[in-house]
Amino acid sequence: MKRQTVTHRLRFLLLFSRQGKLRLQKWFVPTSEREKKKVIRDMIMLVLPRQPRTCNFLQWKDLKIVYKRYASLYFCAGLEEHDNELLALEVLHRYVELLDKYFGNVCELDIIFNFEKAYFILDEFLMGGEVLETSKFAVNVSMEQADTLQETMEEYMSKPAY
Amino acid sequence: MSPSVPLQEMIRAIRSARTQCEERGVIQRECAAIRAQFRQTDNGGRSHNLAKLLYVHMLGYPAHFGQMECVRMIASPRYSEKRVGYLGAMMLLDEKQDASLLITNSIKNDLSHSNQYVQSLALCTLACMGSAEMCRDLAPEIDRLLRSSNSYIKKKAALCAVHIVRKVHELGELFVPSARSLLSEKNHGVLHGAVVLITELCERSPETLERFRKVSVPDLVQIMKGLVISGYSPDHDVAGVSDPFLQVRILRLLRILGRNNEAASDAMNDLLAQVATNTDSTKTVGNAVLYETVLSVLDIKSESGLRVLAVNILGRFLLNNDRNIRYIAMTSLQKIVSTDHNAVQRHRGTIVDCLKDQDASVKRRALELSLALVSASNIRSMMKELLIFLSSCPPELRAHAASGIFNAAERYAPSKRWHIDTILHVLTTAGGDVRDETVPNLIQLITNTSELHCYTVHKLYRALLTDISQQPLVQVACWCIGEYGDLLLKGECQETEAVQVTEDDVLDALEIVLQSHMSTPTTRGFALTATMKLSTRITDNVDRIRSVVSIYGSCIDVELQQRAVEYNALFKKYDHMRAAVLERMPVIQKNSLAGLLHVFESIQSFFMLLLASAPTVTVYEKNGVTLTLSCERQSESGLTVTLTASNSTDSDISSFTLQAAVPKVCNKHPVYPPELTAVKPPSNRISYDNVEFGDKCTTQCYSEEYSRSNSSRVLMTLMKYLGTR
């Protein structure tokens, strides 16, 4: 049997609240706006009704869905067929740890009011649907340095008068 | 870190809106302000404005007017603006937008920026939304960065290269040399990126795969060994496992390199065994690595000892308390159940236990796997478990379980009685979820098992008395009672305890079905026909049947009414034929057409229609050609159909084609080709050029073509099956 090219990566990563409000969306493959909205709707409908002690894995179309609830937020990732679900759970967990370290005891409000930071952290951890940096410390260091750079630049350019 | 005050104020304002309408109002005002700000030239708050727009976009509101602002921001010299600009590009632009091309130049410039964080922004964005053209344009630059001395840049360049290869396969060649050298890096991030890149290159090109197979397997084994036996490394440790992400990717690459290759598989054999034995399986992370190891072992040409070890790990997973692990184990076992059937069979007990799991996903997997594990040797015990499962399984799995059980029963039934019992059990438990062809299939099975007719009809009669809500079961029961009612009334049965049944009891049971609001029209049709058939199998209560039939002659349901009228006609005008018409059905061949169902029901019905009309019928009369059909019963099992064709025109008629079709259903009985005698009247001739005799099955047309007004067509189709009776 001819083997098709198998790509292993995340297709998307979504964060949404228990009321179904989207807090973060990262798409690792080109997706139209309409398709994005549909996926988001479907994920929310699939994941929210799940009972507490059930399996964290679901089948949806040709994708495997891995989700985990942390406090009031659901972290939901779409995997391709040959991907490792257990590792995906670790990926979600690592992302939560990174957020926690950065914001100090992270909660949903942090991610709402500083959503751009959540994206920046994600971009230091994942790229193109693959894990970019496997060390927690390295990610934190990069974030600190980038933030410092931003502040320095802003100081240099003189802060807006607010 | 300076909080973005304007952004947070806006977010607060939006969140304090109490209704959707209010929220929309706030957002419209904000967007108007943002648009105005965009139009202004340089101001200090640009990044805040774009950030606001991106927030609004995440709530689901349109933000396309921000695309050009992203382009402008990316080109800005300020890092804070670049950062938000690139974020905006990743959120609002994709390769289909025209604006995305405009940032190609900025990306190119930023890739060579002196500050690594600016370079990183460009790399990240390219890897996220870079189109094929952009990739082609910038690939050489990425390759250059792969050779840089900066680890931070190298790891990002590696994943960017992965994206490029995915978009433009041919560019893979370009990255092969750099990818190779990256394997000797110490930095885990770079190493991870390198492994991902090599995996991508190998999957896309068999030649590249060959090259890497020759040179990289030992290196990878070495790196992996280092990870597994190394001591605690705070940088990369996750619950006692050293860099699980890297381990998993290396295992995956080894899998690709070892697939279909003995030498490579040998080289990694020891390592895989070591990982399989030494990895701590108490936490998810260890199990993630074990899982990947098992997948690799099963995919390469591993030696049998290692394979057994892998399957045993899956067996251990099945016993794990964590539901996720059990689920994973079953999906993996499902993949290998055909290739390593015996190994998986060893864990059958645990798998069957998982049928009782609380979790619906686990149940589903357990069902699939259980059905795949059914074999001739374990059919009885497996079926017991499956039937227990069927009685308590979630509704969405019932249809699948029922059809799986039927398939298994058909393939491995140890005896006919067991087969019939199993089907009956399913019909009692999950009658509403079985497929339509179950009824004719079961009827076919029953008629073929003549030694069990008595047993079957007793069982079905008892089932009918208990519950008439499951339609397929009721239909089969009615049919059986109609066919084998005499056996039921005899009151003795070898296989089971016989019920003492009077004719009234039986007719009562059928009448209950007829009158129940739970019965569908199809079911009622079955019941009516069964009642009619009993008129030749019982002796005392024929009058009762007569009255039932005449009552239904004015039933609102057209189908029932029609049948009742025909049966009435059979009583009145053709009483002498009644016995012959209603006698036992012949053994039939397996036929999966749904129309078979109609045949059972309609076969007698149509026969009677023919008899209700005149024995000789004009079938066709047009353009001077007249065709008549007449039937004559020669013997108990022989019937002659005569087609008379006459020509009353002035000229000859030629190319007259006669086609006689016989339903496959009846081809056990011989049908003799028609004898043709050309009648030569004083007037003109009809010459037969073409006679074809085939066995096309046209059962469907019985129900579809039938209409009283078109009797000539009907009779043509009738001719097709009458030849066998």
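Just so you know, these numbers come straight off a predicted model, no measurement behind them.

## Remarks on the overall build of chain A
Counting its regular elements, chain A contains five helices and seven strands. Secondary structure of chain A in N-to-C order comes out as β-β-α-β-β-β-α-α-α-β-β-α. For chain A, the proportion of its 162 residues judged to be buried stands at 61%. Summarising the internal contacts of chain A: among those between residues at least 6 apart in sequence, 50% fall at separations of at least 24. Of the accessible surface of chain A, which amounts to about 7,200 Å², a share of 52% is contributed by carbon and sulfur atoms.

## Re the interface of chain A and chain B
In this complex, chain A contributes 69 residues to the contact, which on the side of chain B involves 76 residues. Summing the contributions of chain A and of chain B, the shared interface buries around 6,800 Å²; its carbon and sulfur component is 57%. Summed over the three residues of chain A that lose the most area to chain B, namely A:L86, A:F113 and A:M127, the buried surface amounts to 11% of that side. Secondary structure elements with two or more residues in the side of chain A that touches chain B: β2 (22-27), α1 (33-47), β3 (57-60), α2 (85-103), α3 (108-113), α4 (115-125), β7 (130-131) and α5 (136-157) of chain A. At 13 residues, α5(A) tops the list of elements feeding residues into the side of chain A that touches chain B. The residue makeup of the side of chain A that touches chain B, split by class, is 29 nonpolar, 16 polar and 24 charged.

## Regarding the packing of aromatic side chains
In this description, an aromatic ring pair is defined by two values, namely the gap between the centres and the angle between the planes. Across all of its chains, the model carries 13 aromatic pairs over all chains by this definition. Arranged with centres 5.5 Å apart and planes meeting at 45°, the rings of A:F12 and A:W27 form a pair that is tilted. Linking A:F12 in strand β1 (residues 10-17) with A:W27 in strand β2, this pair joins segments that are 15 residues apart in sequence. Here A:F12 falls in the buried class, since its relative accessible area comes to 3%. Between the aromatic rings of A:F115 and B:Y55, the centroid separation amounts to 5.6 Å while the plane-to-plane angle is 50°, which identifies the pairing as tilted. Linking A:F115 in helix α4 with B:Y55 in helix α3 (residues 46-58), this pair reaches from one chain into another. Residue classification places A:F115 among the buried residues on the basis of a relative accessible area of 1%. Three or more aromatic residues link up through ring pairs in this structure, and these residues are A:F16, A:Y67 and A:Y74.

## Observations regarding the nonpolar core
Within the largest apolar cluster, 282 residues are counted, with the highest numbers of intra-cluster contacts made by A:Y95 and B:I142. Broken down by element, the residue count for this core peaks at 12 residues, all from α2(A). B:I142 has contacts with B:L111, B:L123, B:L126, B:A157, B:C160, B:A161, B:I164 and B:F175, leaving out every residue within four places of it along the chain.

## Quick look at the pairing of β3(A)
All names here are of chain A. Sheet analysis places β3 next to strand β4 (residues 63-70), joined by four bridges and oriented antiparallel. Of the residues in β4, the one forming a bridge with L58 is I65. Between β3 and the antiparallel strand that follows it, β4, lie two residues; K61 among them carries a positive phi value of about 55°.

## Structural notes on the side chain of B:T199
Residues and elements named next belong to chain B. Tracing the chain through its elements places T199 in helix α12 (residues 188-204). Residue classification places T199 among the buried residues on the basis of a relative accessible area of 1%. Every residue in contact with T199, bar those within four places of it in the chain, is listed here: R249, L253 and I256.

## Some details on the pairing of β2(A)
Residues and elements named next belong to chain A. Along β2, six of the six residues are buried, which leaves the element largely enclosed by surrounding structure. Sheet analysis places β1 next to β2, joined by five bridges and oriented antiparallel. Bridge pairing in β2 places L14 opposite Q25. Between the end of β1 and the start of β2, which pair antiparallel, lie four residues, with G20 showing a positive phi angle near 85°.

## Remarks on the packing of helix α11 (residues 172-182) of chain B against helix α13 (residues 206-229) of chain B
Residue and element names in this part refer to chain B. Two elements in contact, α11 and α13, have axes separated by 12 Å at closest approach and are oriented at 10°. Looking at the two axes, α11 sits roughly parallel to α13. Here α11 contributes E173, V176, A179 and R180 to the contact with α13, which in turn contributes T208, R211, F212 and V215. Of the residues assigned to the contact of α11 with α13, the class counts are four nonpolar, one polar and three charged.

## A short note on the UniProt feature "domain: AP complex mu/sigma subunit" (unreviewed entry) in chain A
With numbering aligned to this structure, UniProt lists the feature "domain: AP complex mu/sigma subunit" (unreviewed entry) at residues 10-149 of chain A. As annotated, residues 10-149 of chain A comprises 46% helix and 26% strand, and the C-alpha atoms at either end are separated by 30 Å.

## Some words on the state of the cysteines
All names here are of chain B. Throughout the structure, instances matching the rule amount to zero disulfides over all chains. Looking at the unpaired C135, the closest cysteine sulfur is the one in C160, lying at 7.0 Å. The closest cysteine sulfur to the non-disulfide-bonded C393 is located on C354, 16 Å from its own sulfur. For C393, a relative accessible area of 7% corresponds to the buried category.

## Regarding the sheet that holds β1(A)
All names here are of chain A. Within the open sheet, the five strands sit side by side as β2-β1-β5-β4-β3. Their pairing is antiparallel. This sheet does not close on itself; its edge strands, each paired only once, are β2 and β3. Neighbour-to-neighbour, the strand axes of this sheet turn through a mean angle of 20°, independent of strand direction. One ladder, built from seven bridges, connects β4 with strand β5 (residues 73-79); its direction is antiparallel.

How each quantity is defined
- Residues numbered from 1 in each chain as written.
- Chains lettered and ligands numbered in written order.
- Predicted model: local features only at pLDDT ≥ 70, side-chain atom pairs only at ≥ 80, totals over all residues.
- Heavy atoms only, no water.
- Helix = DSSP H or I, 4+ residues; strand = E, 2+ residues; numbered from the N terminus.
- Buried < 20%, exposed > 50% of the residue type's maximum accessible area, 1.4 Å probe, protein only.
- Contact = heavy atoms within 4.5 Å.
- Areas by Shrake-Rupley, 256 points an atom, 1.4 Å probe, with all protein chains shown as cover.
- Buried area = accessible area lost by both parts, 1.4 Å probe.
- Nonpolar A, V, L, I, M, F, W, Y, C, P; charged D, E, K, R; others polar.
- Phe/Tyr/Trp six-rings, centres within 6.5 Å; stacked < 30°, edge-to-face > 60°.
- Core = buried A, V, L, I, M, F, W, Y, C linked by side-chain atoms within 4.5 Å.
- Pairing = 2+ DSSP bridges.
- Axes fitted to C-alpha atoms, helices over the stretch in contact; angles between N-to-C directions.
- Parallel < 35°, antiparallel > 145°, perpendicular 65-115°, else oblique.
- UniProt positions renumbered as here; feature names shortened; annotations may be inferred.
- Disulfide = S-S within 2.5 Å.

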